[in-house]
Number of protein chains: 4
Amino acid sequence: MRGYAQDKDAYLRRLRRIEGQVRGLARMVEDDTYCIDILTQVSAVTRALQAVSIGLLEDHLGHCVTQAIEAGGPEAEEKVREATDAIARLVRS
Amino acid sequence: MRGYAQDKDAYLRRLRRIEGQVRGLARMVEDDTYCIDILTQVSAVTRALQAVSIGLLEDHLGHCVTQAIEAGGPEAEEKVREATDAIARLVRS
Amino acid sequence: MRGYAQDKDAYLRRLRRIEGQVRGLARMVEDDTYCIDILTQVSAVTRALQAVSIGLLEDHLGHCVTQAIEAGGPEAEEKVREATDAIARLVRS
Amino acid sequence: MRGYAQDKDAYLRRLRRIEGQVRGLARMVEDDTYCIDILTQVSAVTRALQAVSIGLLEDHLGHCVTQAIEAGGPEAEEKVREATDAIARLVRS
């Protein structure tokens, strides 16, 4: 069971829509769409991916990390560090 | 003719690979992959999209904007502002 | 008592160094430094600020959020949501 | 003469305000301000720095890069690449 288990279908729908948006980007390149219009669309896809990340992170903190803290012991601290490392990768990407 | 015309095939290959990576993300969710591993992969896809943006922007500055400046007139200034707005959207996304 | 209490002096030192870096940026503008060199230095300051954010967030998760979860009750969930909102602001800025 | 020469005073004012905002962050830490409130303010400072970057970049494209393109020769291409590298650093920071 993962933190996102209850929202699994919603995540799958969002990822399929993002997949379609990336396919749309390829179509824009094929159709010689104006560069700036492609860039605008790439920014939209990036934001959609970030929204998925932030959702996954909230689910992760609210389930996996919460359970580790409730269980106590050294694993809780490790989970917090692991989540922080993932946040750092998101902030820097 | 667009700024990216000469690199069109390379962009199409990169976008198809990114499309495959997004499909891979959906598969990870379906397979109940650990949240943090999905997040790491989302960061990788985001970086791949940003690299496409930066390539498109370089092609755009080196062709469309350069041609507008060489042609002179008020369009040059407008192209610089339009490119700056696209950069601002990339930086903030 | 805040999550960052034990690292307070280290944060103050880092923020004073960032303050000095921003003062350095103003000096670069005053001295007519080449634009690209100023931009490189702005990126360095931005990364230093992000590192402070990520540190504060780790301290926050490891103390404030952890304590709320250990205490149980509805506040735990609220703290997770509040932290996620802060992460979303960081990712988008 | 730099691309930002005509806006020099405005940049200096903006940078002094950002310097004051960073000093305000240190004060927040000294006063044991709640972590999330400090994080919100760090995001605001990061956005203010990014706005300075984008302004400098627009001035750079509209002056230094434009002049190199108008002058023609190999330096124009080099300036476009240099600007793109600076944009890439901004996007990734």
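What you see is a predicted model; the values in this text were computed from it and never measured.

Peer 1: Where do I start with the overall build of chain A in this structure?
Peer 2: Counting secondary structure elements, chain A contains 3 helices and 0 strands. Mapped from its N terminus to its C terminus, chain A presents α and β elements in the order α-α-α. The C-alpha atoms of chain A give a radius of gyration of 17 Å, which is well past the 12 Å a tight globule of 93 residues would have. Projected onto its principal axes, the C-alpha positions of chain A cover 55 × 30 × 15 Å.

Peer 1: Just checking my understanding: could you explain the pattern of salt bridges for this structure?
Peer 2: Proximity of charged atoms lets side chains of opposite charge pair with each other. Residues and elements named next belong to chain C. Enumeration over the complete set of coordinates arrives at 25 salt bridges over all chains. As a salt-bridge pair, Lys79 and Glu82 come within 3.9 Å of each other at their nearest N and O atoms. Placement of both Lys79 and Glu82 in helix H3 (residues 74-92) is noted, with a separation of 3 residues, approximately one turn of the helix.

Peer 1: I'm lost on H3 of chain C in this one. Help?
Peer 2: What sets the pattern is the α-helix's 3.6 residues per turn: residues three or four places apart point alike. Along its 19 residues, H3 of chain C runs 28 Å from first to last C-alpha, staying within 8% of the 27 Å computed at 1.5 Å per residue. By the burial criterion, the buried members of H3 of chain C are Ala76, Lys79, Val80, Ala83, Thr84, Ala86, Ile87, Ala88, Leu90 and Val91 of chain C. At its buried positions, H3 of chain C is contacted by helix H2 (35-71) and helix H3 (74-92) of chain A, helix H2 (35-71) of chain C together with helix H2 (35-71) of chain D.

Peer 1: Please clarify how the interface of chain B and chain D should be interpreted in this entry.
Peer 2: One widely used convention gives an interface's size as the accessible area the parts lose upon coming together. Residue-level contacts link 18 residues of chain B with 18 residues of chain D. Considering only the surface of chain B that becomes buried against chain D, Ile54, Ile69 and Val91 of chain B emerge as the three largest contributors, covering 31% of it. Where chain B meets chain D, there are 2 salt bridges. Between Glu58 of chain D and Arg81 of chain B there is a salt bridge whose closest N-O contact spans 3.3 Å. Connecting chain B to chain D are 2 residue pairs in polar contact (both at pLDDT 80 or more). Of all the secondary-structure elements, those providing two or more residues to the side of chain B that touches chain D are helix H2 (35-71) and helix H3 (74-92) of chain B. The dominant element in the side of chain B that touches chain D, judged by the number of residues it contributes, is H2 of chain B, at 10 residues. Looking at the side of chain B that touches chain D residue by residue, the class counts come to 10 nonpolar, 4 polar and 4 charged.

Peer 1: Help me understand the packing of H2 of chain A against H2 of chain B in this model?
Peer 2: In a packed pair of helices, the relevant descriptors are the angle between the two axes and the axis-to-axis distance. For the pair H2 of chain A and H2 of chain B, the least separation of the axes is 10 Å and the interaxial angle reads 165 degrees. One element, H2 of chain A, and the other, H2 of chain B, form an angle in the roughly antiparallel class. You can see that H2 of chain A and H2 of chain B cross each other, and the crossing is left-handed. Of the residues assigned to the contact of H2 of chain A with H2 of chain B, the class counts are 20 nonpolar, 6 polar and no charged.

Peer 1: When you look at the interface of chain B and chain A in this model, what are you seeing that I'm missing?
Peer 2: Each side of the interface is counted separately: chain B has 44 residues, and chain A has 44 residues. With both chains or domains summed, chain B and chain A bury close to 4300 Å², and 68% of this area falls on carbon and sulfur atoms. Put simply, chain B and chain A have 6 salt bridges between them. Where Arg23 of chain B meets Glu19 of chain A, a salt bridge forms, and the shortest distance between an N and an O atom there is 3.0 Å. At the boundary of chain B and chain A, one finds 18 residue pairs in polar contact (both at pLDDT 80 or more). Listed by contribution, the elements that provide at least two residues to the side of chain B that touches chain A are helix H1 (8-30), H2 and H3 of chain B. Along the lines of polarity and charge, the residues of the side of chain B that touches chain A split into 24 nonpolar, 9 polar and 11 charged.

Peer 1: Could you clarify how one ought to interpret the relation of the copies chain B and chain A in this entry?
Peer 2: Relating one copy of the chain to the other takes a rotation about an axis and a shift parallel to that axis. With an RMSD of 0.0 Å, the fit of chain B onto chain A corresponds to turning through 180 degrees and sliding 0.0 Å along the axis. Taken together, the turn and the small shift mark the pair as related by a two-fold rotation axis. A share of 100% of the interface residues of chain B reappears at the interface of chain A, consistent with the copies meeting face to face through the same patch.

Peer 1: Looking at this structure, how should I read the relation of the copies chain B and chain D?
Peer 2: Superposing chain B onto chain D requires a rotation of 180 degrees together with a translation of 0.0 Å along the rotation axis, leaving an RMSD of 0.0 Å. The fraction of interface residues of chain B whose copies in chain D are also interface residues reaches 100%, indicating that both copies meet through the same surface.

Peer 1: Help me out: how do you make sense of the side chain of Thr66 of chain B in this one?
Peer 2: Relative to the helices and strands, Thr66 of chain B resides in helix H2. You can call Thr66 of chain B buried: its relative accessible area is 12%. There is a polar contact of 2.7 Å between the side chain of Thr66 of chain B and the backbone oxygen of Leu61 of chain B. Those residues in contact with Thr66 of chain B that sit more than four places away from it in its chain are Leu61 of chain B together with Ile69 and Val80 of chain D.

Peer 1: What is the right way to read the packing of aromatic side chains from this model?
Peer 2: Aromatic ring pairs are defined here through the distance separating the ring centres and the angle between the ring planes. All names here are of chain C. One pass over the full model with this rule turns up 4 aromatic pairs over all chains. For the pair Tyr4 and Tyr11, a centre-to-centre distance of 6.3 Å together with 85 degrees between the ring planes defines the contact as edge-to-face. Here Tyr11 falls in the buried class, since its relative accessible area comes to 4%.

Peer 1: What is the right way to look at the environment of Ser43 of chain C in this model?
Peer 2: Tracing the backbone through its elements, the reader meets Ser43 of chain C in helix H2. For Ser43 of chain C, the contacting residues outside a window of four places in its chain are Arg89, Leu90 and Ser93 of chain D.

Peer 1: Got a minute to help me understand the packing of helix H1 (residues 8-30) of chain A against H2 of chain A in this structure?
Peer 2: Residue and element names in this part refer to chain A. Interhelical geometry of H1 versus H2 gives an angle of 165 degrees and a closest axis separation of 10 Å. The angle between H1 and H2 falls in the class roughly antiparallel. Relative to H2, H1 is oriented so that their crossing is left-handed. Contacts between H1 and H2 involve Tyr11, Arg14, Leu15, Ile18, Gln21, Val22, Leu25, Met28 and Val29 from the first element and Asp37, Ile38, Gln41, Val42, Val45, Ala48, Leu49, Ala51, Val52, Gly55, Leu56 and Asp59 from the second. For the contact of H1 with H2, the residue count by class is 15 nonpolar, 3 polar and 3 charged.

The rules behind the values
Residues numbered from 1 in each chain as written. Chains lettered and ligands numbered in written order. Predicted model: local features only at pLDDT ≥ 70, side-chain atom pairs only at ≥ 80, totals over all residues. Heavy atoms only, no water. Helix = DSSP H or I, 4+ residues; strand = E, 2+ residues; numbered from the N terminus. Rg over C-alpha atoms; globule rule 2.2 N^0.38 Å. Salt bridge = Lys/Arg side-chain N within 4 Å of Asp/Glu carboxyl O. Expected span 1.5 Å × (residues − 1). Buried < 20%, exposed > 50% of the residue type's maximum accessible area, 1.4 Å probe, protein only. Contact = heavy atoms within 4.5 Å. Buried area = accessible area lost by both parts, 1.4 Å probe. Polar contact = N/O pair within 3.5 Å; in protein donor to acceptor, adjacent residues only side chain to side chain. Nonpolar A, V, L, I, M, F, W, Y, C, P; charged D, E, K, R; others polar. Axes fitted to C-alpha atoms, helices over the stretch in contact; angles between N-to-C directions. Parallel < 35°, antiparallel > 145°, perpendicular 65-115°, else oblique. Left-handed = near helix turned anticlockwise from the far one by under 90°. Least-squares fit on C-alpha atoms with pLDDT ≥ 70 in both. Phe/Tyr/Trp six-rings, centres within 6.5 Å; stacked < 30°, edge-to-face > 60°.

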